[in-house]
Amino acid sequence: IKKENVRNFSIIAHIDHGKSTLADRILEKTKALTDREMKEQFLDAMDLERERGITIKLNAVQLKYGANNGDDYLFHLIDTPGHVDFTYEVSRSLAACEGALLVVDAAQGIEAQTLANVYLALDNDLEIIPVINKIDLPGADVERVKQEIEDVIGIDADDAILASAKDGVGIDEILERIVTDIPAPSGKSENPTKALIFDSLYDSYRGVIAYICVKEGSLKVGDEIKMMQTDKTFQVSDLGVFTPNPVSKEELTVGDVGFLTASIKNVGDSRVGDTITLAKQPAEEPLPGYKRLNPMVYCGLFPVESDNYNDLREALERLELNDSSLQYEAETSQALGFGFRCGFLGLLHMEIIQERIEREFNIELITTAPSVIYEVELTTDEVINIENPSLMPEGKNVKEVREPFVQATIMVPSDFIGPVMEICEKKRGNYVDMQYLDEHRVNIVYDIPLSEIVYDFFDQLKSQTKGYASFDYELSGYRASNLVKMDILLNGETIDALSFIVHRDFAFHRGKQIAEKLKDLIPRQQFEVPVQATIGNKVIARSTIKAMRKNVLSKCYGGDISRKRKLLEKQKEGKKRMKMVGKVEIPQEAFMSVLEMN
Ligand code: GTP
C-alpha cells in the first residue's frame, strides 16, 4: 500500500463518551479481530484499565480498509487516554497522527476533557472530524451538541457524523471520512530517517520494545540506529506492526506505526519522545519531542518489607521508561525507613502507579499523603522547592512561602452553580469567570490552590453535583500564602511521614480533625498512646489512643481451635499494611487521613 493511502489518527473524547467502544467497532468493521478477541475491548489491554474502565496507556493498531473508491487503505489507530491526569499521553499519541475523531456524547455534550483534548489536537495541527456518539440514547440532543461544538470549540459541526458505537450506527461513514478528510503522512522515504518513540515497554527477554512512528525515511532489520537525545547506537533486531497482534516486518517506512527492538537493555537509553535515526546517515534535527510535564503532586513510597527496597527501585525504573512524568528520588524517613519520594501529574496517576507496583511487581507499599511543591523564599533571597512537608523550613529565616494555584474549569448544569461556587470558595478559590455553554449548562472558572484540589475536591464536586460536573485544571502559577507546617506526635515522638502543610486559617480545625481521625485509625496498643498535632512547638490538638484491654483470643469461647485460627489469620491479614514506628504500629490509612479532612 502506497504512502498516500496511509492514515494515522486518534480518537479523542471526554471519559465515558464512548471512545473504546468506537475503537472496537472500527476494529470489527476492518476485520482486525476474531469474534473471540472482540469479547474484550481490545485497546484497553491492562488489567487495571479494565477494572477501572478507563484507558491509561496508549496503543497502536494497524488496520486495512477497502474504501468505496476501490482503493485499499492502511489505518493506524492510536488510542488515547481520557482522564485529566493523562493529558501528556494524549499529546504524545497525537504527535504521531495527522487527524483525530472527536467523540462527543449526544446526551452530555462537551465536557471539560473534550475541550482540553481538542486544544491538544489543534496544537498538533490535526484534522478534526466531529462524531456525535450515543444518538440511540433517549436524552440525545444532536442539535444542541452541534451548536456547542461550534460555539465552544469553534469548528464547523454541520457535517458532524451521527453515530451510535453501541449499535454500530455511523461506523461506515466514519471510515470513509478518515479516508477523505485526514491527510496522508507528509514525510518522504528518501529523506534521512526520523522515527518518533511515542511509547515503550520493557520485556525481560527482548529488552526495550519501542513503539514508533516513522516520520521520515525508513528502518530495516539489521540497521545501525542512533537515539538522537542520548547518542547511543544499537542494531535493529526486530520491527513490526500491531494488527492488532504483533507481526514482524523487514522494514518500516514513512507513515508506518509499529514496534522496534534492538537489544536495548538499559531503560534510560530509549526515551519516549526521542527520535531514532540511522547511525550512518543521521538526520540533522530531531523531531520536536514532547513537552515534558512536571509532576504536580508528590508522595513517599516505602516498602512494607524493608528487604524490598531494591525491588522498588527497579519497579520505578521500569515504570519511568514509558512515563517520563513519573519522577522519583531516594528518601529516608525516620518513621518509615528507606523509600522514594515520587512525583506524579495528579492523584489518579499516583494511584495507578501505586497499584501497578503492587500488582505487577508484587511489592507491598506504605504511601504517605500526597503533597504539592511549595516555594520557600529565605531571608537570604534564596528560593527552595519543598516537596516533602517534613522538610519545610520554619522560623526567622523564612521570608515567604508560596503555593501552586491552578485554573480550574468546571462544566456543570446551571442548577448546580450555587453548590459549585460554595465548594470553590470553601477551598480558598478565587472566582475568575462564568460562561453559559447553552441555556442549561455553564462553564465556571476558579483559581484554586492545588493543595485544596488534592484534598478531595473532585469527590466533593461530584457528590454536590450528582455526578454531573466535569473538571479539568491547569497550573496557573505560584502565590504567597499564609501556610504553616503541622507535625503529628505519637507517644511524644514526631512522625515525619505524617507532617503536612496547612493554611493558617484552617490549622485548628484540621489539627482537631486529624487527631480524632488518627485515634480511630491507629489500633490500640498494649499501652496508652497520646496523639498530638503541633505547629512550631505549640500543641493545638490532642487525643488519646486507649490501651488494649483484652487479648483477641479471649473472645473465642473455650477450645474451638479452627475458629481461633481463623481469627488469628484475619488479624494477620489486617496487619499486612502496618508499619512499626518506634513502639507504635501505624496502619496505611493513617498516612492518608489528611486527605479526608475538610
Ligand atoms: P475511557 O476509556 O474511560 O476514556 O472511556 P471511553 O470514552 O472509552 O468510553 P467507553 O467506550 O468505555 O464507553 C463508556 C460507556 O458508554 C460504556 O458503558 C459503553 O457501553 C457506553 N457507550 C458507548 N457508546 C455508546 C453508544 O453509542 N450508545 C450508548 N447508549 N452507549 C454507549
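About the thresholds
Residues numbered from 1 in each chain as written. Predicted model: local features only at pLDDT ≥ 70, side-chain atom pairs only at ≥ 80, totals over all residues. Heavy atoms only, no water. Helix = DSSP H or I, 4+ residues; strand = E, 2+ residues; numbered from the N terminus. Buried < 20%, exposed > 50% of the residue type's maximum accessible area, 1.4 Å probe, protein only. Contact = heavy atoms within 4.5 Å. Salt bridge = Lys/Arg side-chain N within 4 Å of Asp/Glu carboxyl O. Expected span 1.5 Å × (residues − 1). UniProt positions renumbered as here; feature names shortened; annotations may be inferred.

## As for the overall build of the protein chain
Then step 1. Assigned secondary structure in the protein chain consists of 15 helices and 33 strands.
Then step 2. Scored against the burial criterion, the 598 residues of the protein chain give a buried share of 56%.
Then step 3. The long-range fraction of contacts in the protein chain, counting pairs at least 24 apart against all pairs at least 6 apart in sequence, stands at 70%.

## A closer look at the pattern of salt bridges
Side chains carrying opposite charge are able to pair once their charged atoms draw close together.
Then step 1. Applying the stated criterion across every chain, the model contains 31 salt bridges.
Then step 2. D105 is the partner of K134 in a salt bridge, and the nearest nitrogen-oxygen pair spans 3.3 Å. Pair noted here: K134 is in the loop between strand 5 (127–133) and helix 6 (142–153) and D105 is in strand 4 (residues 99–105), with a separation of 29 residues, a long-range link.
Then step 3. On the basis of relative accessible area, K134 is assigned to the partly exposed category, the value being 23%.
Then step 4. We note a salt bridge from E355 to R359, for which the minimum N-O separation is 3.0 Å. One end of the pair, E355, and the other, R359, are both in helix 9 (residues 347–360), four residues apart, so they sit about a helical turn from each other.
Then step 5. One network of salt bridges, in which partners are shared, links E111, D141, R144, E148, D438 and R441.

## What about the environment of L321?
Then step 1. Its place among the elements puts L321 in helix 8 (residues 309–321).
Then step 2. Distance from L321 to D199, taken between C-alpha atoms, is 8.6 Å for residues 122 residues apart in sequence.

## A closer look at helix 8
Since the α-helix packs 3.6 residues into each turn, any two residues three or four apart lie on the same face.
Then step 1. Over its 13 residues, helix 8 extends 19 Å from the first C-alpha to the last, a length consistent with the 18 Å expected when each residue adds 1.5 Å.
Then step 2. Taken as a whole, helix 8 has its buried residues at Y309, L312, A315, L316, L319, E320 and L321.

## As for the UniProt feature "binding site: GTP" (unreviewed entry) in the protein chain
Then step 1. Those residues carrying the UniProt feature "binding site: GTP" (unreviewed entry) are D16, H17, G18, K19, S20, T21, N133, K134, I135 and D136 in this numbering.
Then step 2. Among the secondary structure elements, G18 is positioned in the loop between strand 1 (6–13) and helix 1 (19–29).
Then step 3. Sequence-distant contacts of G18, defined by excluding residues within four places in its chain, comprise N133, K134 and A165.
Then step 4. Structurally, the position occupied by I135 is in the loop between strand 5 and helix 6.
Then step 5. You can call I135 partly exposed: its relative accessible area is 29%.
Then step 6. Beyond its immediate sequence surroundings of up to four residues, I135 is in contact with A106, A140, V142, L162, A163, S164 and V169.

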